[in-house]
Amino acid sequence: MRLLVTRKFRCILLCISLTLTFLQVSAQSTPVTGRVTDIKGNPIVGATVSLQGGSAMVMTDQDGRFSIEAKENDILQLTNVGFKEQRITVRAGQAIRVSLEEAVGTLDDVIVVGYGTQKKKDLTGSVGVVKVDDAKKTATYDVAKMLQGQVSGVTVHGSGEPGGYVRIKIRGVSSFENNDPLFVVDGVPVTAPFDFNPGDIESVQILKDASAGAIYGARAATGVVIITTKKGKAGQLKVNYNGYVGAQYNPKKLSVTDRVGYQKIVTAAELNAGLGIAPANDPSSASFVDDVNTDWQEEGFQTGLIQDHNVGFSGGSEAATYSVSLGYFDQQGTYTGPQKYNRYTLNANLGGKKGIFSYGAKVAYSQSGKVAPFNDMGSRAVFGGMVTSLVTAFPTIPVKDPNHIGGYGGPAETIYRGIMLNVIGMNALLDNENNRSRMLGSFWGELALAKGLKYRLNLSYDRTDWKDSWFEPEFEMGTYYTNTLSLLRDNRGINNTSLIENLLTYKLELNKHTFDLLGGITYQYDRGEGIYASARGLTMPYYPNFEQAPAEGKTVSSGYQESNIYSYLGRLNYNFDDRYLLTVNFRRDGSSRFAPGNNFGNFASAAGAWNLHNEQWLRLPDVISSLKIRGGYGELGNQNIPNYAYQAFVNTNASYVFNGVLAPGTTTVNVVDPSLKWETKVTSYVGVDAGLMNEKLTFSAEYYRNTNKDLLFPLPIPLTVGSFPSNVISNAATMRNSGFEFNLGYRSQVGKFKYNLNANMHTVKNEVLKLGDNDDPIYGAGSKTEVGRSVGDIFVYRTAGLFNSQEDIAKHAQQVNAAPGDVRFVDTNGDNVINDLDRVYQGSAIPKYYFGFNAGAGYGNFDFSMFWQGHGGNKVVNGIYHDLMLGLYANYHTDYLNYWTPQNTNTNVPRPVIGDPNGNNRLSDRHVESGNYIRLQNFQVGYSLPAGILGKTKILNSLRIYISGQNVLTISDYKGYDPDFMSDGLYSRGFDIGSWPNPRTYMFGVQAGF
């Protein structure tokens, strides 16, 4: 009996052992093989295949094949940049075949918003999403320039100056002070984005109104641009190179007179003024110039080079991912001289997760140098700026003259009777350099405290070290532009910003209800300091340093300023069954830029949306895949004013002699309003989003209405007060912007041919509602700003041809000093006198509409894209053309050769006359032109090497080469260089004073993955 039990026991143990062995063998991982392709069957190289919940991870090879250890029923995740993620369940003995679908932008796309992210389908606010791949086709050093025409509601203006500033506005003019939006880079607010490499950008979102931007409170009135840079993804090391080289040149040349034409007109101008002919223009004079015929545009413009190179490294594991990129950008100017801009950049992002702790860190560093054009001439005025000075230069003056100190030409007033600036010589002789180094470091850590509850700490430090140097040697370039005492300036300083943010988020899901809560406290501290030194009297040979300067010529001063802002913020996102959405934002800011009692402001917003396509009772046609109605209302603030603006300054050196004794005294220098407070922007909007044919066709439309109140505005005060300037800044103005925004997109594929179209358009209607207590208008250069009209409307004289006789003059309203051949100005107010009261409005300087259109196509390994943009409905004052039609001592447009004479009365060009006694040159409709233009901003043709060829290299995973053109074609009637000129005078918005023309660019580029 005992033996039988023993045998049974052994048998049971044997069965258990065999069962466990079988289970163990069954549970062991075995190699699983497969192949990953796109929908056309082309292998995808470098796709990531990972085991869900495990650490195993491999990459596909040159043929798209992979092998990974996995068990039956394991889930494999297959991902690759530019494609939708797929998950596959492992089946025993089954080889895996996967076709990844290209990611084209869906409602599930994650959008970065203030202090968090949301899916596109859950958005309620007005958020513009930039298609970064399209925007990056613009060759520029500044992310702001990339946005031109790419998203509705955003306007961008820049010039062709290397490293020149770019102006960006969101939904119109919002302030009389500063209209620059707030930029947020990887969660860190920054004042300007031009130090950061556009090649590092992963996504750009634009918060246009309070419903989206109120979470940034006092800094969001001018809009918020959120920039996210590339982050690492778990996987093997990936190396990418992206670069281009190109040539740039000025695509247009103005028609100006040569030596003969110039001497003909200026001689007529002198004779009409009762003067003798200047010796340089008089054939009977020994000083007559007949051997110089300088084409200043030919000499002044050159072909410049532009290049950009970026190398990126990324990879890592779930616990630690990394992305590191190095960039180099260099642009040589199209204006003859040393102008150039170069920048070296480093961008490193680290992130990961371990248990309940997630973290991320960023270090961005840039070193840039700009050799800038001269920006002042000490005590000598620069008439018209660089571009205007170039085209108005006398053709009878040589560029170089070895008889002058410095070696450059210029007119002697006794011979030429006029003065001009030799811009080419000034650029060559003057040394104007701006150097910057910037370091942005940030860290965030996040703890999952409980289910749905997280605490996050953000820390950042942003430091910029800058140095501006200027050296002006002794030179002689004519009577006026002569310098007998050299000048050296050396200004340098530091600006830094420290930020700490404590954020708490909680997400709660109850059946069909989802609550997403955010609360936080932030503190930001800004400090700037600088030292400013100058020295005069350095002697040749020059070694520009302060040791060489005499002691009596040296001066030094310094400055220091600081500010801080302390904030509380909160947000609620509520979602009911993916049908009804609600977002509520609140922020309370306290800023040191305002006086105690006015330094705290509250900013709140609410927005809601209704996803009609998710309503069971509403049976929409099958063609409609999504339909959303949304709207919002809220308030934003603007603290973009100088520090200490509410504090008066005193002069402690205002001493005075009483009874022969010097008594020390102090006097107030300026008058200020101590009750300065926030500028406030009240926004409201309604919109609709629709998707058709499974989102192949998408459409959105919005109407917005923004009222900016308590705007800081310069109120005039009597000169007898003794304040400088003679005005006081106060919260005394109100304006409104309203308009529509439209976005349309379509994508499709026919066989191997695929294409996509994206268009956007927006309108802006600006209206000034209040200007101080008396609503006194503001006059600018050919402009007027008054209540009931838009900012900076064109305001000039009207003309009605020319006077042909004294009889014409006698019949006309009183026009002082008029003579036959002079301009006939219209007596618009009927008082029979021509004066300033006869100026009238000639149109708005603000375009009524802006648009952009992107088209892309691909066939096989070839791809093509083009981008058009422009604006219309505005008028501009062509300041360059005005200065070329003066009839004085400056070069002329060839139109002036048709000037009035008693024998040539069938013309609209007045007689040239030195002194202009009739005021022919006052700004009038003769100088007003349409600002409409359409521009082919970009085209690109590319070719990607087939996978078969790449596989043979054993190195390359991808390789694309392309050619590209920028500013290729402009359709416009504008007589100046560029209808898209840089002009941001708040009250003289449409005045082209000679903006550096945007160049035409042709490039060759390479994109490679290893």
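Because the structure is predicted, anything quoted here is derived from the model rather than measured.

Conventions used here
- Residues numbered from 1 in each chain as written.
- Predicted model: local features only at pLDDT ≥ 70, side-chain atom pairs only at ≥ 80, totals over all residues.
- Heavy atoms only, no water.
- Helix = DSSP H or I, 4+ residues; strand = E, 2+ residues; numbered from the N terminus.
- Buried < 20%, exposed > 50% of the residue type's maximum accessible area, 1.4 Å probe, protein only.
- Lys, Arg positive; Asp, Glu negative; His and termini not counted.
- Salt bridge = Lys/Arg side-chain N within 4 Å of Asp/Glu carboxyl O.
- Pairing = 2+ DSSP bridges.
- Axes fitted to C-alpha atoms, helices over the stretch in contact; angles between N-to-C directions.
- Core = buried A, V, L, I, M, F, W, Y, C linked by side-chain atoms within 4.5 Å.
- Contact = heavy atoms within 4.5 Å.
- Phe/Tyr/Trp six-rings, centres within 6.5 Å; stacked < 30°, edge-to-face > 60°.
- 1 Å grid on protein atoms, 1.4 Å probe; cavity = no way out; pocket = protein on both sides within 12 Å on 5 of 7 lines; lining within 4 Å.
- Points joined across faces, edges and corners; volume = space filled by probe spheres on them.
- Nonpolar A, V, L, I, M, F, W, Y, C, P; charged D, E, K, R; others polar.
- Expected span 1.5 Å × (residues − 1).
- Polar contact = N/O pair within 3.5 Å; in protein donor to acceptor, adjacent residues only side chain to side chain.

Our focus in this paragraph is the side chain of D838. Positionally, D838 belongs in the loop between β45 (823–825) and β46 (840–843). Buried within the structure, D838 lacks any salt-bridge partner; its nearest side chain of opposite charge belongs to R922, at an N-O separation of 7.0 Å.

Before going further, it helps to spend a moment on the pattern of salt bridges. Counted by the stated rule, this structure contains 34 salt bridges. R630 serves as the salt-bridge partner of D689, at 2.7 Å between the closest nitrogen and oxygen. With D689 in strand β36 (residues 679–692) and R630 in strand β31 (residues 624–638), this pair connects stretches of sequence that are 59 residues apart. For the salt bridge of D793 with R789, the shortest nitrogen-to-oxygen distance reads 2.8 Å. According to the relative accessible area criterion, R789 is partly exposed, its value standing at 31%. Put simply, R171, K208, R630, D689, E702 and E741 are held in one network by salt bridges that share partners.

Bringing unusual backbone geometry into the picture now. For the peptide bond that leads from M540 to P541, omega is -5°, which places it in the cis range. Relative to the helices and strands, P541 is located in the loop between β27 (513–536) and β28 (554–576). One non-glycine residue, D578, adopts positive backbone phi at about 55°. Looking at where D578 falls in the secondary structure, it is placed in the loop between β28 and β29 (580–591). Classification of D578 as partly exposed rests on a relative accessible area of 30%.

All right, on to the sheet that holds strand β15 (residues 201–207) then. Reading across the sheet, the five strands line up as β10-β15-β16-β13-β14 and stay open at both edges, with mixed pairing between neighbours. The sheet terminates laterally at β10 (127–130) and β14 (188–190), the two strands that pair on one side only. Averaged over neighbouring strand pairs, the angle between their axes works out to 25° when direction is ignored. Both β15 and strand β16 (residues 224–229) contribute to a ladder of six bridges, which runs antiparallel. Note on β16: the bridge partner recorded for I206 is V225.

Here we come to the nonpolar core. Looking at soluble globular proteins, one finds that nonpolar side chains tend to be buried together. If you look at the biggest cluster of nonpolar residues, it comprises 47 residues, and the most contacted ones within it are W296, Y335, F374 and M426. At the level of secondary structure, the elements contributing two or more residues to this core comprise α5 (259–272), α7 (385–391), α9 (423–429) and α11 (879–883). At five residues, the largest contribution of residues to this core is made by α5. For F374, the residues in contact, after removing those within four places along its chain, are V382, M386, L421, V423, M426, N427, L430, N432 and W470. Formed by 35 residues, the second largest nonpolar core is a distinct cluster that contains V151, F183, I227 and Y341.

Attention shifts here to the pairing of strand β38 (residues 727–750). Alignment of strand β37 (residues 697–716) against β38, held across 18 bridges, turns out to be antiparallel. Bridged to L712 within β38 is N731. Taken together, the six bridges between β38 and strand β40 (residues 765–771) define a ladder with antiparallel strand orientation. Opposite S738, over in β40, you have K765 as the bridge partner. Across 10 bridges, the pairing between β38 and strand β39 (residues 753–763) is antiparallel. Along β39, the bridge assignment pairs L744 with A759. Remark: two residues form the turn of the hairpin made by β38 and β39, two consecutive strands paired antiparallel; G751 in that turn has positive phi of roughly 60°.

Let's shift gears to the environment of A212. Here A212 shows up in helix α4 (residues 210–213). Residue classification places A212 among the buried positions, given a relative accessible area of 11%. Residues A212 and G608 lie 396 residues apart in sequence; the distance between their C-alpha atoms is 11 Å.

We now examine the packing of aromatic side chains. Under the definition given, this model contains 35 aromatic pairs. Between Y165 and F194 the ring centres are 6.3 Å apart and the planes differ by 75°, which places this aromatic pair in the edge-to-face class. Pair noted here: Y165 is in the loop between β11 (154–157) and β12 (167–170) and F194 is in the loop between β14 and β15, with a separation of 29 residues, a long-range link. With a relative accessible area of 17%, F194 lands in the buried category. Taking 6.0 Å as the distance between ring centres and 5° as the angle between the ring planes, the aromatic pair formed by F576 and Y580 counts as stacked. When its relative accessible area of 18% is taken as the criterion, F576 is described as buried. Exposure remark for Y580: the relative accessible area of 34% places this residue in the partly exposed category. Put simply, the rings of Y262, F394, Y416, Y892 and Y896 touch in pairs and so form one group of aromatic residues.

Further remarks concern empty space enclosed by the protein. Gaps left between atoms show up when a probe the size of a water molecule is rolled over them. If you walk through the whole model with that rule in mind, you get 12 cavities of 30 Å³ or more. Roughly 270 Å³ of internal volume is contained in the largest cavity. Forming the walls of the largest cavity are 20 residues, and the residues nearest its centre are H157, A845, P847, Y850 and R989. Broken down by secondary-structure element, the contributors of at least two residues to the lining of the largest cavity are β11 and β12. Per-element accounting of the lining of the largest cavity gives the leading share, three residues, to β11. Roughly 230 Å³ of volume is contained in the second largest cavity. Considering the residues around the second largest cavity, the lining is formed by 21 residues, among which A139, K145, S159, Q966 and N998 are closest to the centre. Broken down by secondary-structure element, the contributors of at least two residues to the lining of the second largest cavity are β51 (933–944) and β52 (958–971). Considered class by class, the residues forming the lining of the second largest cavity number four nonpolar, 13 polar and four charged.

End to end, α5 covers 20 Å across 14 residues, agreeing with the expected 20 Å (1.5 Å per residue, within 8%). With 10 of 14 residues buried, α5 is to be regarded as a mostly interior element. Along α5, the residues classified as buried are R259, G261, Y262, Q263, I265, V266, T267, A268, A269 and E270. Its side-chain oxygen placed 3.3 Å from the backbone nitrogen of V260, D258 serves as the N-cap of α5. Once α5 ends, the next one or two residues include G274, with phi positive near 80°.

Our next topic: the environment of P189. Examined against the element boundaries, P189 turns out to sit in strand β14. Along the backbone, P189 and K238 are 49 residues apart, and their C-alpha atoms lie at a distance of 30 Å. Those residues in contact with P189 that lie beyond four places of it in its chain are L182, F183, V184, R219, L499 and Q524.

As a further point, take the environment of F939. Relative to the helices and strands, F939 resides in strand β51. Residues F939 and A361 lie 578 residues apart in sequence; the distance between their C-alpha atoms is 37 Å. Residue contacts for F939: discarding those within four places in its chain leaves S865, M866, I963, S964, G965, V968 and Y1002.

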